[in-house]
Amino acid sequence: MSYLEKLLDGHSVEWKPLGDEVEIANIGVDKKININETEVRLLNFVDVFKNQYISNQTPTMIVTATERKIIDCNVKKGDIFITPSSELIDEIGFSAMATEDFDNVVYSYHIMRLRINNKNILSPPFLNYLFSSKNVRRQIRQKAQGITRFGLTQPNWK
């Protein structure tokens, strides 16, 4: 019996695809400053890669974004951000969880936002933890594709 089987012994667990429980968004903002756009801070790949938990103080890069992007690419408490691609296969799927709502911050198009549909079903800290687990790390490595840049398609994340 595996460790997970022992842990769940006597408990009922319903396994579901990630895409059934979270909204996956990868429409982030570019690292540019454009005239006639609003200045915002950018949560980027390095912020996610180097931190398991991120706060409103984490993003420091200044960029600009349209009002629509500011609304669509916001950062809320409990959002999980992942590194969906990288030059190194083992840098895919690192995660960081927002510990609070962020002010005047958008996320980069180099990361993906996972927003849990029902936090009574799936806990943000648990989802964040899963991305560092051996089983999920192994699944990401097996499904990753690429030659000079590795990644998973959005359907594979789902």
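Fair warning: this is a prediction, and the values are worked out from it, not measured in the lab. (Residues numbered from 1 in each chain as written. Predicted model: local features only at pLDDT ≥ 70, side-chain atom pairs only at ≥ 80, totals over all residues. Heavy atoms only, no water.)

Undergrad: Which residues make up the packing of aromatic side chains, and what are the values?
TA: Within the structure shown, the criterion is met by five aromatic pairs. Put simply, the rings of Phe45, Phe49 and Phe94 pair up and form one aromatic cluster. (Phe/Tyr/Trp six-rings, centres within 6.5 Å; stacked < 30°, edge-to-face > 60°.)

Undergrad: Outline unusual backbone geometry, listing residues and values.
TA: Negative phi characterises most residues that are not glycine, and trans characterises most peptide bonds. Positive phi values are uncommon outside glycine, yet Asn36 reaches one of about 70°. Its location among the elements puts Asn36 in the loop between β1 (22–25) and β2 (38–43). Residue Asn36 is classed as exposed on the basis of its relative accessible area, which comes to 79%. (Helix = DSSP H or I, 4+ residues; strand = E, 2+ residues; numbered from the N terminus. Buried < 20%, exposed > 50% of the residue type's maximum accessible area, 1.4 Å probe, protein only.)

Undergrad: Go over the sheet that holds strand β4 (residues 61–65), please, and point to the residues and values.
TA: Reading across from one edge, β4-β2-β8 is the order of the three strands in this open sheet, with mixed pairing throughout. Edge strands, defined here as strands with exactly one partner in the open sheet, are β4 and β8 (105–107). Sheet twist, expressed as the mean angle between neighbouring strand axes with direction ignored, is 55°. Sheet analysis places β2 next to β4, joined by five bridges and oriented antiparallel. (Pairing = 2+ DSSP bridges. Axes fitted to C-alpha atoms, helices over the stretch in contact; angles between N-to-C directions.)

Undergrad: Break down the sheet that holds strand β9 (residues 112–116) for me, with residues and values.
TA: Across the sheet, which stays open at both edges, the five strands sit in the order β1-β9-β5-β7-β3 with mixed pairing between neighbours. Bordering the open sheet on either side are β1 and β3 (53–54), each of which pairs with just one other strand. Judged from the two bridges that link them, β3 and strand β7 (residues 95–98) form a sheet pairing that is parallel. Of the residues in β7, the one forming a bridge with Tyr53 is Met97.

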